[in-house]
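In case you want the letters, here they are:
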Amino acid sequence: MYLLLLRFEIPKNKLYEFNLALGRLVKWPVYTLHTTESNGDSKIFEFIRNWDSKEDMQTDLDSQVFTNLMGVVKVLGHIIESNIYNVAEEENLLETLD
């Protein structure tokens, strides 16, 4: 399984635009997106997406939906962290440590 963790910050005065853009441009399930903390004049969000195969992941990352999401984040805020994990490899590593 592959997992994408994307953390980004949106200024509070841009949240209305951000929500509009998500509703119109990003067709992935919105329930995966949630506010984790407030940082003064902005809010920090985490977007988590998982896939069963590398091919499914690549299809989504190459899609217009992902391009739209990244565009919205870059225009209205900024990316704090972006990581893709191969969960199977992480689980195997943990098993070898036991």
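Treat the numbers as computed from the prediction; the structure is a model and nothing was measured.

Colleague: Could you give an account of the environment of methionine 1, naming the residues involved and the relevant values?
Modeller: Secondary-structure assignment places methionine 1 in the segment before strand S1 (2-11). Residue methionine 1 is classed as partly exposed on the basis of its relative accessible area of 40%. With 50 residues separating them in the primary sequence, methionine 1 and tryptophan 51 have C-alpha atoms 5.7 Å apart. In this structure, methionine 1 is in contact with Asn50, Trp51, Asp52, Tyr85, Asn86, Val87 and Ala88, ignoring residues within four places of it in sequence.

Colleague: Pulling in residues and values, what's your account of the environment of leucine 76?
Modeller: Summarising the element assignment, leucine 76 is placed in helix H3 (residues 64-76). Placed 67 residues apart in sequence, leucine 76 and glutamate 9 show a C-alpha to C-alpha distance of 8.8 Å. Apart from residues lying up to four places away in sequence, leucine 76 is in contact with Ile10, Pro11, Lys14, Glu17 and Phe18.

Colleague: Describe in detail the packing of helix H1 (residues 15-25) against H3, supporting the description with residues and values.
Modeller: Viewed as axis vectors pointing N to C, H1 and H3 meet at an angle of 170 degrees, and their least axial separation amounts to 10 Å. By the angle class used here, H1 and H3 are roughly antiparallel. Between H1 and H3, the residues in contact are Glu17, Phe18, Ala21, Leu22 and Leu25 and Val65, Asn68, Leu69, Val72, Val73 and Leu76, respectively.

Colleague: I'd love a proper account of helix H2 (residues 54-61), names of residues and values included.
Modeller: Residues Met57, Asp60 and Leu61 constitute the buried set of H2. Considered in projection along H2, the buried side chains sweep an arc of 95 degrees and stay on one side of the axis. Across H2 from its buried face, at more than 90 degrees, point the exposed residues Glu55 and Thr59. Turning to H2, the residues buried within the fold contact S1, strand S3 (42-51), H3 and strand S4 (78-86).

Colleague: Mind laying out the pattern of salt bridges, listing which residues take part and the relevant values?
Modeller: Inspection of every chain in the model, using the stated rule, returns 4 salt bridges. One salt bridge in this structure joins arginine 7 and glutamate 81, with 3.8 Å as the shortest N-O distance. You can see arginine 7 sitting in strand S1 and its partner glutamate 81 sitting in strand S4, a full 74 residues away along the chain. The exposure class of glutamate 81 is partly exposed, given its relative accessible area of 27%.

Calculation rules
Each chain carries its own residue numbering, running from 1 in the direction its sequence is written. Totals for whole chains, interfaces and linings use all residues, but because this is a predicted model, local features are given only for residues with pLDDT of at least 70 and pairs of side-chain atoms are given and counted only at 80 or more. Processing note: side-chain calculations cover all non-hydrogen atoms of the structure and skip hydrogens and water entirely. Put simply, DSSP marks the helices as runs of H or I at least four residues long and the strands as runs of E at least two long, and each gets a number from the N terminus on. Each residue gets one of three labels from its accessible area relative to the maximum for its type: buried under 20%, exposed over 50%, partly exposed in between, using a 1.4 Å probe on protein chains only. In what follows, a contact means two residues having at least one pair of non-hydrogen atoms within 4.5 Å. Throughout, an axis means a line fitted to C-alpha atoms (over the contacting stretch in the case of helices), and angles, computed between N-to-C directions, take values from 0 to 180 degrees. Orientation is classified from the angle alone, with under 35 degrees giving roughly parallel, over 145 giving roughly antiparallel, 65 to 115 giving roughly perpendicular, and any other angle giving oblique. The arc in question is traced by the directions running from the helix axis to the C-beta atoms. What makes a salt bridge here is a side-chain nitrogen of Lys or Arg within 4 Å of a carboxyl oxygen of Asp or Glu, nothing more.

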